[in-house]
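Examination of the molecular architecture
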Amino acid sequence: MAEQQQTVEKLFTPLTLGPFQQDESVNFKLPRIQLEHRVVMAPLTRCRAVEGECVLTQHAVNYYQQRASKGGLLISEATQVHKQGQGYPNTPGIYSNEQIEAWKKVTEAVHSKGGVIALQLWHVGRIRYRDSISSSDIGLETTETTSFETFQNVKPEKPKAATIEEIKEVIQLFGKATKNAIEAGFDMVEIHAANGYLINQFIDDSVNKRTDEYGGSVENRLRLLKEVVEECVKAFNGESHRVAVRLSPNGKIHEMGDSDPLTTYGEAVKLLSKYNLGYVHFVEPRFDDLSPAVNTETFKALFNGPVISAGGYNRESAIKAVENGNADLIAFGRYFISTPDLVRRLKENLKLNDYNRDTFYYSPDLVTGYTDYKFYDEL
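Analysis parameters
- Residues numbered from 1 in each chain as written.
- Predicted model: local features only at pLDDT ≥ 70, side-chain atom pairs only at ≥ 80, totals over all residues.
- Heavy atoms only, no water.
- Helix = DSSP H or I, 4+ residues; strand = E, 2+ residues; numbered from the N terminus.
- Rg over C-alpha atoms; globule rule 2.2 N^0.38 Å.
- Buried < 20%, exposed > 50% of the residue type's maximum accessible area, 1.4 Å probe, protein only.
- Arc of directions from axis to C-beta.
- Contact = heavy atoms within 4.5 Å.
- Polar contact = N/O pair within 3.5 Å; in protein donor to acceptor, adjacent residues only side chain to side chain.
- Core = buried A, V, L, I, M, F, W, Y, C linked by side-chain atoms within 4.5 Å.
- Lys, Arg positive; Asp, Glu negative; His and termini not counted.
- Salt bridge = Lys/Arg side-chain N within 4 Å of Asp/Glu carboxyl O.
- Expected span 1.5 Å × (residues − 1).
- Pairing = 2+ DSSP bridges.
- Axes fitted to C-alpha atoms, helices over the stretch in contact; angles between N-to-C directions.
- Parallel < 35°, antiparallel > 145°, perpendicular 65-115°, else oblique.
- Left-handed = near helix turned anticlockwise from the far one by under 90°.
- Nonpolar A, V, L, I, M, F, W, Y, C, P; charged D, E, K, R; others polar.

1. A closer look at the overall build of the chain
Across its full length, the chain holds 11 helices and 15 strands. In terms of overall dimensions, the chain is globule-like: its C-alpha atoms have a radius of gyration of 20 Å, near the 21 Å expected for 379 residues. The C-alpha extent of the chain, read off along each of the three principal axes, is 75 × 50 × 45 Å. Within the span of the chain, comprising 379 residues, buried residues form 58% of the whole.

As structure tokens, then:
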């Protein structure tokens with residue numbers, strides 16, 4: 001009697017990052033990244049880079065190594081390209097030699113388990129509590145951020161509208177950060193253009209009130225994103241499949257919003273599709289958001305490459321999203337915090353660990369809620 005073949009959900013099947021249809025004029029020298037499954041660790045701010053100036057500790061090495069899996073993609077916590085781009089205490093940077101050396105230990109640990117790791121690059125713009133820049137001088141009305149001096153929540157000072165010279169400096173900082181990421185051993189970089197941070201502040205017309213080449217039309221509001229992508233691809237020696245972007249088309253966090261997100265982000269995705277990127281990563285709208293559907297499924301057909309979706313998935317909804325073709329990969333956040341062997345548990349349908357929100361962003365001993373969650377075999 002023939003042995004019955006076991007069905008493997010598409011979520012646990014291989015995928016190659018990079019363009020589905022590669023431009024014949026593009027000749028990559030680096031190999032395309034081959035993933036063995038489609039479960040991705042989302043970028044997760046943990047605020048534990050407490051050594052020196054925003055330098056990670058050995059605890060971070062343990063944390064990322066615990067969550068690495070063979071052929072699995074981890075996206076690092078958001079990492080500032082410059083000290084002015086920092087918005088919260090103890091978030092890591094990628095602009096000093098000490099930071100690069102600390103990240104090297106992380107990438108080596110992930111690679112030792114056969115994992116793949118991307119560095120998420122950010123500049124927070126007006127979310128910084130003081131001395132910030134943004135697309136315009138529009139401040140936050142209800143959002144609080146953290147003072148680096150007092151560690152208390154405060155209302156951020158009104159930002160300064162960036163000059164053209166300052167915009168060009170930001171672009172160069174993303175390029176330099178990409179070079180530093182390569183030196184630190186990262187397989188690729190993800191540009192953070194979502195969740196109300198600087199690049200997002202140029203994209204959405206609720207914040208961007210500029211009248212120069214970086215404001216007004218959709219094309220102009222996408223110019224910073226375009227030029228940052230080009231700078232990062234250049235810094236990666238033209239290996240565009242090693243560069244990716246995160247977007248939040250329906251994002252309301254940090255008092256963001258666009259008057260026509262379907263058009264604005266449709267144009268953004270079509271623009272990004274021209275660059276043969278590794279992937280585009282979408283943050284899904286909240287489930288209680290009653291505005292028109294502006295989600296991964298809406299934009300997926302416009303992008304020539306893999307699409308990651310992040311947004312409160314569980315095992316069943318993740319499997320369904322990939323099977324239905326709504327996304328190619330699914331990013332998990334909170335359950336990757338609490339469940340270091342998440343990939344195995346999802347695949348074998350094992351119970352996940354509960355997470356503790358109180359230790360998401362810090363714990364005095366740096367370990368609690370960070371590296372002390374149990375593997376399944378330890379339960």
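2. Things to note about unusual backbone geometry
Of note, the phi angle at Asp131 is positive, near 55°, even though the residue is not glycine. Structurally, Asp131 is set in the loop between β6 (116–122) and β7 (133–134). Unusually for a residue other than glycine, His254 sits at a positive phi of about 60°. Assignment of secondary structure puts His254 in the loop between β12 (243–247) and α7 (261–273).

3. Quick word on helix α9 (residues 315–323)
Looking only at α9, the buried set comprises Arg315, Ala318, Ile319, Ala321 and Val322. Summarising the axial view, the buried residues of α9 lie within an arc of 165°, below the 170-degree limit, and thus occupy one face. Turning to α9, the residues buried within the fold contact β15 (329–332) and α11 (342–348). Capping the start of α9 is the job of one residue whose side-chain oxygen sits 3.1 Å from the backbone nitrogen of Glu316: Asn314. Two residues or fewer past α9, Gly325 is found with a positive phi of approximately 80°.

4. Comments concerning the nonpolar core
Leu225 and Leu247 are the most contacted members of the largest nonpolar core, which totals 84 residues. Setting aside chain neighbours within four positions, we find Leu225 in contact with Ala193, Ile199, Ile203, Val245, Leu247 and Leu272. Core analysis: the second largest hydrophobic core is formed by 17 residues, Val40, Val116, Ala244 and Ala331 among them.

5. Topic: the side chain of Glu284
Along the chain, the position of Glu284 falls in the loop between β13 (279–283) and α8 (296–300). One buried charged residue, Glu284, forms no salt bridge at all, with the nearest opposite charge on Arg246 at 10 Å. Looking at Glu284, its side chain comes within polar contact range of the side chain of Ser309, at 2.5 Å.

6. A closer look at helix α2 (residues 97–112)
Along its 16 residues, α2 runs 23 Å from first to last C-alpha, staying within 8% of the 22 Å computed at 1.5 Å per residue. Along α2, the residues classified as buried are Gln99, Ile100, Ala102, Trp103, Val106, Thr107, Ala109 and Val110. In this structure, the buried side of α2 is in contact with α1 (58–67), β4 (73–75), β5 (79–80), β6 and α3 (164–183). Gly114 lies just past α2 and shows a positive phi near 80°.

7. Some words on the pairing of strand β11 (residues 188–192)
Of all 5 residues that make up β11, 5 are buried, and the element is covered over most of its length. The alternating pattern of β11 places Met188, Glu190 and His192 on one face and Val189 and Ile191 on the opposite face, and all of these are buried. Pairing of β6 with β11, which is carried by 4 bridges, proceeds in the parallel orientation. Residue pairing across strands places Leu121 opposite Ile191, the latter belonging to β11.

8. What to know about the packing of α1 against α2
With their axes 8 Å apart at the nearest point, α1 and α2 run at an angle of 25° to one another. As summarised for this structure, α1 and α2 are arranged roughly parallel, according to the angle between their axes. Here α1 runs over α2; the crossing is right-handed. Here Ala60, Val61, Tyr64 and Gln65 of α1 lie close against α2, whose contacting residues are Trp103, Lys105, Val106, Ala109, Val110 and Ser112. Tallied by class, residues from the contact of α1 with α2 come to 7 nonpolar, 2 polar and 1 charged.

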